[in-house]
Amino acid sequence: MEDRVYKENLKRTILEMAQEEISNYPSQKAVKKYFESNIDKIINENIKSYLEDTNENKLYSKILKIGSSQENIQSVAKVIKSDGLLKSKNELIKFAKYLGIDINIKGSYIQILKRISNYIYLNRKEYSKRYVFYRSEDKEYILEPEKIKIDLIESYKFKTRNDMKSIAKLLNINVDDEDCAEDIRRKVINYIMREKITKKK
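The structure contained in this document is the topic of the report that follows. Predicted, not measured: the structure shown is a model, and the values here were computed from it.

### What to know about the layout of surface pockets
Taken as a whole, the largest pocket holds about 300 Å³ of empty space. Around the largest pocket sit 13 residues that line it, and Y25, Y156, T160, A181 and E182 are the ones nearest its centre. At the level of secondary structure, the elements contributing two or more residues to the lining of the largest pocket comprise helix 3 (28-52), helix 9 (145-170) and helix 10 (181-200). Per element, the largest residue contribution to the lining of the largest pocket is 4 residues, and it comes from helix 9. The computed volume of the second largest pocket comes to approximately 210 Å³. Along the walls of the second largest pocket sit 13 residues, with Y50, D53, I142, E144 and K147 positioned nearest its centre. For the lining of the second largest pocket, the elements supplying multiple residues, two or more each, are helix 3, helix 4 (55-67) and strand 2 (139-143).

### Side note on the side chain of E91
Residue position: E91 is located in helix 6 (residues 89-99). Sequence-distant contacts of E91, defined by excluding residues within four places in its chain, comprise E56, Y60, L85 and L86.

### Things to note about the nonpolar core
Among the nonpolar cores identified, the biggest contains 46 residues, and F35, I43, I80, F95, I116, I120 and L143 are the most heavily contacted of them. Those elements that place two or more of their residues in this core are helix 1 (2-17), helix 3, helix 4, helix 5 (73-81), helix 6, helix 7 (109-122), strand 2 and helix 9. Tallying contributions element by element places helix 3 first for this core, with 8 residues. Excluding residues that lie within four positions of it along the chain, I80 makes contacts with I63, L86, L92, L113, I116, S117 and I120. Within the second largest apolar cluster, 5 residues are counted, among which are A168, I173, I184 and V188.

### Focus: unusual backbone geometry
Even without being a glycine, E137 presents a positive backbone phi close to 50°. Inspection of the secondary structure assignment puts E137 in the loop between strand 1 (132-136) and strand 2. E137 gets classed as exposed once you look at its relative accessible area, which sits at 66%. Positioned with a positive phi, N172 is a non-glycine residue whose angle comes to about 60°. Relative to the elements of secondary structure, N172 occurs in the loop between helix 9 and helix 10. Relative accessible area serves as the criterion here: at 69%, N172 is assigned to the exposed category.

Here is what the cut-offs are and how they apply
Residues take numbers from 1 onward in each chain, read along the sequence in its written order. Since the coordinates come from a predicted model, pLDDT governs what is reported: local features require at least 70, and pairs of side-chain atoms require 80 or more to be given and counted, while whole-chain, interface and lining totals use all residues. Computation of side-chain values covers all heavy atoms of the structure but excludes hydrogens and water. With a 1 Å grid spanning the protein atoms alone, the term cavity applies to any set of points in which a 1.4 Å probe fits but cannot get out, the term pocket to an open set with protein on both sides within 12 Å along at least five of seven lines, and the term lining residue to any residue with an atom within 4 Å of a point. Grid points are joined across faces, edges and corners, and a volume is the space filled by probe spheres set on the points. Only DSSP runs of H or I reaching four residues or more are called helices, and only runs of E reaching two or more are called strands; each is numbered from the N terminus. The contact rule is simple, with two residues in contact once any of their heavy atoms fall within 4.5 Å. We call a set of buried residues a nonpolar core when its members are Ala, Val, Leu, Ile, Met, Phe, Trp, Tyr or Cys and they connect through side-chain atoms within 4.5 Å of each other. The cut-offs for exposure are 20% and 50% of the maximum accessible area for each residue type, with area from a 1.4 Å probe on protein chains only; residues under the lower value are buried, those over the upper are exposed, and the others partly exposed.

Here it is, written out as structure tokens:
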């Protein structure tokens, strides 16, 4: 039951995030139907990517998610220190580089820790939105709804481009490699219009 709630909440979040993209398409109903039908598949692909990711990246996303809910910089530092790996100065430097923080590598462990903790605390709203905890079959994952949304949109674009490409091929219409689905659709419509005009003449 709990797993289903997690999945439904995540799906609802992603579909709400994709609403603006849906409104940009002529056939909003078809896009919405595609998104709703394929969102489970895209979520599962993202879970697979998460599982295949490095342990470091998994740790970083976990710290950023938990750290984003802390009430002060000291609490963020405690979250970072709670993981054995980040008790090493070298690992802390790697984490800072991952975050794109310019630090003095000659600084002490405490100085670097304060810098990272301060950075996470100042950006906590961003990290709170970027990552979500997701549970399935007693396993916990940290997923990025924005990434899932983008993957879903790209999946739809790929499908519609291939569909339009198949129609263009049947009509012997030349398609350029850089043509998107909308470009091909215009070519198909123009071709059909020209054919109609020719037949009328």
